[in-house]
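# Close look at the chain arrangement
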Amino acid sequence: MKRHLLLVVGLALVSTSAFATKARMESLGQDGANGSFYLTDTRNVFRNAAYINTTKNYVVTEWGDSAATDSTASPEAEGGFFSEAGTFGYGVYLNNTQSGQVAHVESFTGAGPVMVKNVNKSRTAYSDVGNKLDIFVGADMGVEWGANLSISTFKDEGAVTGFERTQTGYGVGFGVLAGDLEAYADLALKDKSKGSATAVADTWDAKLGINAGANYKLRTFTFFADYKKGGIDNTVAAVDTEYKATEIIAGVARVMEIASSSRWFYEVRWYHN
């Protein structure tokens, strides 16, 4: 069990061309995959699908390499488009492999006895999330709402291992924007990889994962809270071990305008896992 108190200070430039990149979010100390709790960016739609109503009519692509594992040092290519039809917004996105809909804290590594809390077994030996498709839809009906469906399927024919390895997953996300309040809930319903680097019968099977949270803007301040819970059943050589992970974030941030194209911000964040 770990608790951290984090202070982040930064300067954000306001430019449409700077939006929608993981690199921009990471350079500002934010989550590259799921955007920010308080800074404006099109990446926020992956945390809260209701942002489909406020960030639309654009196409984005990000370069990457052929690696199936997405990371800051080795990003995977991804991209999509977002548009509108009347009062509805919609979008299609490919390969956002670290979105909130995969809420199992995959970056954690470690091992331990059965029912180890807050230690999530690495899936390095298994097929990663691949060919992921996210579909978004939303509308402004007094309260802005949005929904997201994610599907992933990947097959490794076994050129290296000599046997086939597969990955299948799907999840849903919901969110609302109501004035100064926003709330979201993303559910990872299935994420299963079969066949490890050494045995075709080994499996990495994620449990139901949830990522839920809410933000509230009060003048120049934003109060935010985020909760994640997930876990896996890892079967190796017919021995099943269960792992769990829980993550809680709470904090407050302040964003202030210093020019028409720039904002100064700082945040204090409490982190528990």
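Just above sits the structure.
Cut-off values and rules
Each chain carries its own residue numbering, running from 1 in the direction its sequence is written. Per-residue local features are limited, in this predicted model, to residues with pLDDT of at least 70; the limit for side-chain atom pairs, both in listing and counting, is 80 or more; totals at the level of whole chains, interfaces and linings are taken over all residues. Values reported for side chains reflect all heavy atoms of the structure, with hydrogen atoms and water molecules removed beforehand. Numbered from the N terminus, helices here are DSSP runs of H or I no shorter than four residues, and strands are runs of E no shorter than two. Exposure is judged per residue with a 1.4 Å probe applied to protein chains only, and the accessible area is read against the type maximum: over 50% gives exposed, under 20% gives buried, and values in between give partly exposed. Here a residue-residue contact requires only that any non-hydrogen atoms of the pair lie within 4.5 Å. Each accessible area is a Shrake-Rupley result for a 1.4 Å probe, and residues are judged covered by the shown protein chains and nothing else. A strand pair is defined by DSSP finding two or more bridges across the two strands. Residues belong to a common nonpolar core when they are buried Ala, Val, Leu, Ile, Met, Phe, Trp, Tyr or Cys residues joined through side-chain atoms within 4.5 Å. Whenever Lys or Arg places a side-chain nitrogen within 4 Å of a carboxyl oxygen from Asp or Glu, that contact is recorded as a salt bridge. Any N or O atom pair separated by 3.5 Å or less is treated as a polar contact, with the protein-specific requirement of one donor-capable and one acceptor-capable atom, and with residues adjacent in sequence counted only for side-chain atom pairs. The criterion for an aromatic pair is that two Phe, Tyr or Trp rings (for Trp, the six-membered ring) have centres within 6.5 Å, with stacked assigned to planes under 30 degrees apart, edge-to-face to planes over 60 apart and tilted to the rest. Patch membership is restricted to residues that have no salt bridge and whose relative accessible area is over 30%. Joining uses 9 Å for like charges and 5 Å for the nonpolar side chains Val, Leu, Ile, Met, Phe, Trp and Tyr.

### Regarding the overall build of the chain
- From N to C terminus, the chain includes 1 helix and 13 strands.
- Reading the secondary structure of the chain in the N-to-C direction produces β-α-β-β-β-β-β-β-β-β-β-β-β-β.
- A total of 273 residues make up the chain; the buried ones form 48% of that total.
- Restricting the contact set of the chain to residue pairs at least 6 apart, pairs at least 24 apart contribute 57%.
- As presented, the chain carries roughly 13,100 Å² of accessible surface, and 62% of it is formed by carbon and sulfur atoms.

### Describing the pairing of strand β9 (residues 203–206)
- Pairing between strand β8 (residues 181–194) and β9: 3 bridges, direction antiparallel. Residue Ser193 lies in a different strand from β9, and its bridge partner there is Trp204.
- Pairing of β9 with strand β11 (residues 221–236), which is carried by 4 bridges, proceeds in the antiparallel orientation. The residue bridging Asp205 from the neighbouring strand is Asp233, located in β11.

### Here we look at the nonpolar core
- If you look at the biggest cluster of nonpolar residues, it comprises 12 residues: Val45, Phe46, Ala49, Ala50, Tyr51, Ile52, Tyr58, Val60, Phe82, Tyr93, Phe136 and Leu177.
- Apart from the residues lying within four places of it in its own chain, the contact partners of Phe136 are Val45, Phe46, Ala49, Ile52, Phe82, Gly89, Tyr90, Gly91, Tyr93, Ala147 and Asn148.
- With 11 residues, the next largest nonpolar core counts Leu28, Phe37, Ile249 and Phe265 among its residues.

### Things to note about the environment of Gly138
- By the secondary structure assignment, Gly138 is in strand β5 (residues 133–141).
- Gly138 gets classed as buried once you look at its relative accessible area, which sits at 0%.
- Sequence spacing of Gly138 and Asn148 is 10 residues, and the spatial spacing of their C-alpha atoms is 8.8 Å.
- Beyond its immediate chain neighbours, meaning those up to four positions away, Gly138 contacts Ile52, Asn53, Thr87, Phe88, Gly89, Trp145 and Gly146.

### A word on the pattern of salt bridges
- A complete count under the given rule lists 11 salt bridges for this structure.
- Two residues, Lys132 and Asp134, come together in a salt bridge whose shortest N-O distance is 2.8 Å.
- We classify Asp134 as buried; its relative accessible area is 0%.
- Salt-bridge contacts for Lys155 lead to Glu164; the nearest nitrogen and oxygen are separated by 3.9 Å.
- A relative accessible area of 37% places Glu164 in the partly exposed class.
- Each of Arg43, Glu62 and Glu78 takes part in a single network of salt bridges with overlapping partners.

### A look at the side chain of Asn96
- Among the secondary structure elements, Asn96 is positioned in the loop between β4 (88–94) and β5.
- Exposure remark for Asn96: the relative accessible area of 1% places this residue in the buried category.
- For Asn96, the side chain forms a polar contact with the side chain of Arg43, separated by 2.7 Å.

### A closer look at the packing of aromatic side chains
- For the structure shown, the criterion picks out 10 aromatic pairs.
- Taken together, the ring pairs connect Phe46, Tyr58, Phe82, Tyr93 and Phe136 into an aromatic cluster.

### Considering the pairing of β11
- As judged from the 9 bridges shared by strand β10 (residues 209–218) and β11, these two strands associate in the antiparallel manner. In the sheet register, Leu218 faces β11, and the bridge partner there is Phe221.
- Linking two consecutive strands that pair antiparallel, namely β10 and β11, is a turn of 2 residues; a positive phi of about 60 degrees is found at Arg219 within it.
- Where β11 lies against strand β12 (residues 239–259), 16 bridges are found, and the strand directions are antiparallel. By the bridge assignment for β12, Lys229 is matched with Thr246.

### Here's the deal with a nonpolar patch on the surface
- Taken together, the side chains of Val59, Phe81, Phe88, Tyr90, Val137 and Met141 make up a nonpolar region of the molecular surface, amounting to roughly 570 Å² of accessible area.
- At the level of elements, β4 and β5 are the ones that each hand at least two residues to the nonpolar patch.
- Take Phe81: it is sitting in strand β3 (residues 78–85).
- Under the relative-accessibility criterion, Phe81 is labelled partly exposed at 36%.

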